[in-house]
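This is what each chain is made of:
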Amino acid sequence: MAGAVAIALTMPIRLGLDLRGGTQIVLETKSTATTEADREATDRTVEVLRGRIDALGVAEPTIVRSGDNRVVVELPGVQDPKKAADVLGRTAQLTVHSVLGPAEAAGNSAGNDTGNPSGTDAERVLPDESGQSLRLKAATLTGQDVKGADARFDQQGGAGWHVTVDFKDAGGDRWAEVTGEAACHPAGDPQRRVAIVLDDKIISSPQVDPSVACGAGIAGGSTQITGSFDDAEARELALLIKGGALPVPVETIEQRTIGATLGDEAISAGAWAAVIGTALTGLFIIVVYRLMGALATVALLCYGLISYAALAAIGATLTLPGLAGFVLAIGMAVDANVLVFERAREEQAARTRPSTRSSLTAGFRSAFSAIADSNITTLIAAALLFFLASGPVKGFGVTLGIGVLASTVSALVITRVLAEFAASRPSVFRRPHITGISTTGPVRDALLRRDPFLMRRPRRWLAACAVVLVAAGSGILVRGLDFGIEFTGGRLIEYSTATPVDADRARDALADAGFPRAVVQSSGDSDLTVRTEELTDAEAETVTKAIGELGGETEKVRDELIGPSLGEELRKDALIALGLALAAQLLYLAVRFRLLFGTAAVGALAHDVVILVGVFAWLGKPIDGVFLAALLTVIGYSVNDSVVLFDRVRELLGGKDRKQPFARLTNQAILQTLPRTVNTGMGAVLILASLAVLADDSLTDFALALLIGVGVGTYSSVFTASPLAIEMYDRGSGSRPARREGRPTEKRVPASRTERQEVS
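Since the structure is predicted, the reported quantities are computational estimates derived from the model, not experimental observations.

Calculation notes
Residues numbered from 1 in each chain as written. Predicted model: local features only at pLDDT ≥ 70, side-chain atom pairs only at ≥ 80, totals over all residues. Heavy atoms only, no water. 1 Å grid on protein atoms, 1.4 Å probe; cavity = no way out; pocket = protein on both sides within 12 Å on 5 of 7 lines; lining within 4 Å. Points joined across faces, edges and corners; volume = space filled by probe spheres on them. Helix = DSSP H or I, 4+ residues; strand = E, 2+ residues; numbered from the N terminus. Nonpolar A, V, L, I, M, F, W, Y, C, P; charged D, E, K, R; others polar. Pairing = 2+ DSSP bridges. Phe/Tyr/Trp six-rings, centres within 6.5 Å; stacked < 30°, edge-to-face > 60°. Buried < 20%, exposed > 50% of the residue type's maximum accessible area, 1.4 Å probe, protein only. Lys NZ or Arg CZ within 6 Å of the ring centre and 35° of its normal.

Colleague: If you had to explain empty space enclosed by the protein to someone new, which residues and values would you point to?
Modeller: Enumeration over the complete set of coordinates arrives at eight cavities of 30 Å³ or more. The calculated volume of the largest cavity comes to roughly 90 Å³. Lining the largest cavity we find Thr378, Ala381, Leu385, Phe396, Leu400, Leu578, Ala581, Leu582, Gln585, Leu632, Ile635 and Gly636. If you list the elements that add at least two residues to the lining of the largest cavity, you get helix H8 (356–388), helix H9 (391–423), helix H16 (568–592) and helix H18 (625–653). The class makeup of the residues in the lining of the largest cavity is nine nonpolar, three polar and no charged.

Colleague: Requested: an account of the pairing of strand E7 (residues 133–136), with residues and values cited.
Modeller: Bridge count for strand E5 (residues 94–102) against E7 is three bridges, and the pairing is antiparallel. Paired with Pro102 across the two strands is Leu134, which belongs to E7. Pairing analysis gives four bridges linking strand E6 (residues 124–127) to E7, with the strands arranged antiparallel. Within E7, the position partnered with Leu126 by the bridge is Leu134.

Colleague: Could you give an account of the packing of aromatic side chains, naming the residues involved and the relevant values?
Modeller: Going through the model one piece at a time under the given rule, you end up with ten aromatic pairs. Taken together, a centroid distance of 4.8 Å and an interplanar angle of 40° make the contact between Phe616 and Phe627 tilted. A residue pair is termed long-range when its members are at least 10 positions apart, and Phe616 in helix H17 (residues 595–619) and Phe627 in helix H18 qualify at eleven residues. Phe627 matches Phe616 in its accessibility class, with the two residues each being buried. Ring plane angle 15° and centroid distance 4.1 Å describe the contact between Phe662 and Tyr729, whose orientation is recorded as stacked. Separated by 67 residues along the polypeptide, Phe662 in helix H19 (residues 662–694) and Tyr729 in helix H20 (residues 697–733) bring together distant segments of the chain. In this structure Phe662 comes out as buried when scored by relative accessible area, which is 5%. Taken together, the ring pairs connect Phe593, Phe597, Phe646, Phe662 and Tyr729 into an aromatic cluster. The ring of Phe421 has Arg425 sitting right over it, with the charged end atom 4.3 Å from the ring centre.

Here you go:
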């Protein structure tokens, strides 16, 4: 905790474009003799630039194509904008050449090509690291043959910083060929060298080691680029090689500072909503669990501090939806504490002469498997999103992983230390009612009195869920999806006004004019940029008129169509990562539980996703980057709910009631975990309701999506996942008649409350 406090106080977290603004760099693609700088080439350039920006460590950038041959890059919180522009603008054309000998022998002057300037299909002359001109053969390998590159430090060999380059299969064969050819020349002969060229400059021209036989070459498909690199230069070179060459050269034509996309009032409202929602959640936990709830609230504050410090330490960028998601994670982190306290209540009720501390110890022990399984499934998803996706989806994987790890530490370490210390105090021992776990709670008491058999007819629940699914999902077909600017692109108009225009006033004016989704930013010293969905000429004139009424004489500096910031490549990577994450979760649940449990959990998850997307389609809400963050959060919440329920089913299957029908055991698990489900859901709902009511419109859709997702995820774990598991179990075991009995054949003894509350 001391380390987290120190980091939080000394390392301010980076704020995103929506909260603080940043640097805007405008690049223009240039045609070459072989490639035209058209829209397709510019779109490919955008994807390469996105990879370079990710490697630079800049999170939450905005990268869009503007017109046919321009790229607008917006970077939040960049420390050195000039360096960023230089790295983005380098073509990074990597080639590998055999050396034919010194240039003087051929009578050529340094720097002259004997053919194509690109040097990929003709001989050329370039100076090496020492300035000696070398005559180079046509390129044997190019950047397209590179599989990866990493900057490494050689402590043992004394080579210092170098870059290791790995080639693809065919590239590895060609590397062996070029080094085998060079090895046929004697040591010291320039022709024994191999030149590695980046953007028409030899960056390394090592001699092939004497141990390499003529014609054999260096196998293994990798090489090292050595030189007088420091750590920054080696990492920059590695990211340029790994990121790939730009399909066409680019030129930086403009660089300026830009303002935040959200106004001060929106940011302030969002912050207050987060504070109030967090306070209400803490108050709710204290009311339900009393002393233990107060200690859990302290642990949750520690969780928030640890998460914040971790995000600051890795240089993450905090956006307003990210802030809302961070606060929501605090509400969802309540779940682990609720799991422990509810199990402690069960242990307390099941023992004849219990103590609060022994009940807590048993509660932590019993809840551990559910907490571990739900966190591991979430970490699997977070890891795959981080390694396979890019852009905001990759950033979400980082935030999700940090939140899960911090939540585990908060619940299993900090809460446990505080709770067991408090429970061992004599004053608490004499007054067990103040702990909040000496009674079973109103929800559990009501369930015990009524003992409803919810899973008597699981097919009816499945039919009801199917009706809801069809009703919501039909919105996708009937109304269609209203994709936001991030997915579709739109129009970018830049204005220069006679008098400076405040961005907040411009947003309000455009909202009144019928453009509530317009993104307005200050640009440079006094200009204003407006980014909207595609506009007709009449609509564009309306936008211009609204700005002109605020700033007087108004001139259009730029008016261009822009491409999507969440491009096709990013969307494809995100879908692949998400699909693999779900498959990995299914595999884990199949190994840890049973295949039917994993299948039922994934089925409930698909049900939740379709309903959430369908409701947004019916409401006409935009499917944008904010919705994407909400959807990923709902997926994690849904799987978490199902895992907790199936963990209890597994426990009952191994207990004394295992001979009961599977439907009865599942029903028992539902009733035992329902208090946890209700209390965890309330913690999340209080925060989301605060965001929906108090925050600006920019967060209303985010909160609405999560409210729908939490509600649907809560009922689907009970009424979708459980009936699915029962039906699949019955089909596999052929025990349908046993399930249809109204009550188990064993005699029930409801005489004492203790017996009815006993947990196996």
